[in-house]
Amino acid sequence: MKKHNFYAGPSILPEFTKEKVAEAAMNFAGTGLSVMEVSHRSKEFVAVMDEAIALVKELLKVPEGYSVLFLQGGASTQFLMAPYNLMKGKAAYLNTGSWSSKAIKEAKLFGEVVEVASSKDANFNYIPKNYEVPADVDYLHYTSNNTIFGTEILEDPEVPVQLVADMSSDIFSRPIDVSKYGLIYAGAQKNLGPSGTTLVIVRDAALGKVERPIPTMLNYQTHIDKESMFNTPSTLPVFACLQTLKWLKENGGVEEMQKVNIAKAKLLYDELDRNKLFEPNIKAKEDRSLMNITFIMNPAFAELEKEFLEFATSKGMVGLKGHRSVGGFRASTYNAMPVESVQALVDAMKEFESKH
Ligand SMILES: *Cc1c(COP(=O)(O)O)cnc(C)c1O
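Residues numbered from 1 in each chain as written. Predicted model: local features only at pLDDT ≥ 70, side-chain atom pairs only at ≥ 80, totals over all residues. Heavy atoms only, no water.

Let's talk about helix α1 (residues 15-26)
Convention followed: Strands are runs of DSSP state E lasting at least 2 residues, helices are runs of H or I lasting at least 4, and numbering of each runs from the N terminus. Take the number of residues in a helix, subtract one, and multiply by 1.5 Å to get its expected span. Each residue gets one of three labels from its accessible area relative to the maximum for its type: buried under 20%, exposed over 50%, partly exposed in between, using a 1.4 Å probe on protein chains only. Taking the helix axis as origin, the arc is that swept by the directions to the C-beta atoms.
Over its 12 residues, α1 extends 17 Å from the first C-alpha to the last, a length consistent with the 16 Å expected when each residue adds 1.5 Å. The set of residues buried in α1 consists of T17, V21 and A24. Taken down its axis, α1 places every buried residue within 70° of arc, on the same side. More than 90 degrees from the buried face of α1, the exposed residues found are E15 and M26.

Below is the structure:
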């Protein structure tokens with residue numbers, strides 16, 4: 001049976017990526033060796049790293065003066081690396097969910113955190129607006145897509161300071177204006193590749209301004225100077241990310257992804273707004289994520305939750321159970337998800353409705 005993969009992360013990858021990884025697992029770039037058993041300093045792997053970095057720059061139109069890195073430690077390590085490297089004394093944070101909250105906790109170890117706004121009062125089911133960002137902070141940190149709660153900030157915020165963003169779950173889903181950012185980071189395992197590597201895009205001129213000593217491995221400059229090869233990079237995950245980047249380019253880049261992502265999300269939200277059994281978790285339409293669509297049973301049909309999950313599972317759908325802090329369901333519709341899988345979910349909801 002065809003599987004429809006709605007997992008939030010690690011999550012669906014393009015068939016292309018999986019095929020190329022499977023090939024290279026046995027014979028990488030004609031070496032007769034696995035991509036897992038060649039030196040990261042071999043000319044074949046250096047070419048992989050170089051091409052991956054070049055494609056990130058091309059697809060996101062990264063301006064001059066920025067470095068692209070593939071690091072380890074997940075987005076969670078970026079929660080501390082960002083303030084370690086960029087926060088002189090005071091930084092602003094927008095609190096839109098669990099990941100933002102974790103980033104705030106780490107930043108507090110390095111200086112004063114101004115929490116400009118929070119949607120914690122409503123279990124993070126909306127994006128705060130009209131908040132003030134003080135002009136004397138080193139940056140505003142925000143989470144562009146709240147993977148757990150299902151809200152998303154779809155436009156680069158307009159603020160008087162540089163932006164720092166956790167784009168783990170929506171990077172490459174739409175065009176962004178990189179010039180507004182001092183730093184962008186994203187764990188690969190949502191919209192780019194397997195777990196094990198973290199994409200970082202950093203403005204070179206944003207670095208070197210803090211006075212504290214920074215341990216070598218946590219200093220962006222270390223990795224810039226050695227082109228992500230200061231120590232052994234995650235060779236297999238970086239190889240896989242490169243395949244997804246090639247697939248992205250082949251399929252029209254981030255502009256085309258955005259169109260398809262809007263269409264997929266509309267298909268599902270329209271059904272959630274219509275179907276009497278279900279309701280979308282996020283009521284403010286402009287805050288709804290295009291990547292992680294959270295929904296619950298209409299309270300009048302709450303007892304059908306388990307039955308629907310089993311019904312969807314019987315139709316090949318996996319990963320639909322919502323995060324424990326929200327409950328209900330979550331359908332992750334990342335770049336690699338074909339519209340057919342979203343249609344299959346919508347069809348299942350209609351069929352389930354007709355039975356009840
Ligand atoms: C998954 C996720 C993280 C955590 O990433 P790790 O790579 O597991 O550390 C952080 N932020 C967001 C927005 C995420 O979706």
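Let's talk about the site of the ligand
Where we set the bar: Nearness is judged by heavy atoms alone; a residue qualifies as near a molecule or strand once a single heavy atom is within 4 Å of it. Contacts described as polar in this section are N or O atom pairs within 3.5 Å, which, within protein, must combine one atom able to donate a hydrogen with one able to accept it, while residues neighboring in sequence count only if both atoms come from side chains. With residues, only the protein chains shown are counted as cover, and all accessible areas are computed by Shrake-Rupley using a 1.4 Å probe.
Near the ligand, the surroundings consist of 13 residues, among which S76, T147, D166, Q189 and K190 are the closest. Within the side chain of T147, a nitrogen or oxygen atom sits 2.5 Å from an oxygen atom of the ligand. For the ligand, a nitrogen atom lies 2.6 Å from a polar atom in the side chain of D166. When isolated, the ligand has an accessible area of 390 Å², and the protein chains bury 87% of it.

Looking at the packing of helix α7 (residues 253-274) against helix α9 (residues 339-355)
Heads up, the condition is: Helix axes use the C-alpha atoms of the stretch in contact, all axes being lines fitted to C-alpha atoms, and the angles between their N-to-C directions lie in the range 0 to 180 degrees. For classification purposes, an angle smaller than 35 degrees is called roughly parallel, one larger than 145 roughly antiparallel, one from 65 to 115 roughly perpendicular, and anything else oblique. Throughout, a contact is declared for two residues whenever any of their heavy atoms are within 4.5 Å. Following the grouping adopted for this structure description, the nonpolar residues are Ala, Val, Leu, Ile, Met, Phe, Trp, Tyr, Cys and Pro, the charged ones are Asp, Glu, Lys and Arg, and the polar ones are all others, Gly among them.
Two elements in contact, α7 and α9, have axes separated by 9 Å at closest approach and are oriented at 10°. Of the possible angle classes, the one that applies to α7 and α9 is roughly parallel. From α7, K264, L267, L268, E271, L272 and R274 reach across to α9, where they touch V339, V342, Q343, L345, V346, M349, K350 and E353. Residues belonging to the contact of α7 with α9 are distributed by class as follows: eight nonpolar, one polar and five charged.

Comments concerning the sheet that holds strand β11 (residues 278-280)
Using the following cut-off: Only when DSSP finds a minimum of two bridges between them are two strands counted as paired.
Spatially, the three strands line up as an open sheet ordered β11-β12-β14, and their pairing is antiparallel. Looking at strand neighbours, the two that pair on one side only are β11 and β14 (329-332), the edges of this open sheet. On average, adjacent strands in this sheet sit at an angle of 35° to one another, irrespective of strand direction. Relative to β14, strand β12 (residues 292-297) is paired through four bridges, and the arrangement is antiparallel. What sits directly across from T294, in β14, is R330. Helix-sheet contacts for α7 involve β11, β12 and β14, and the interaxial angle to β12 is about 15°.

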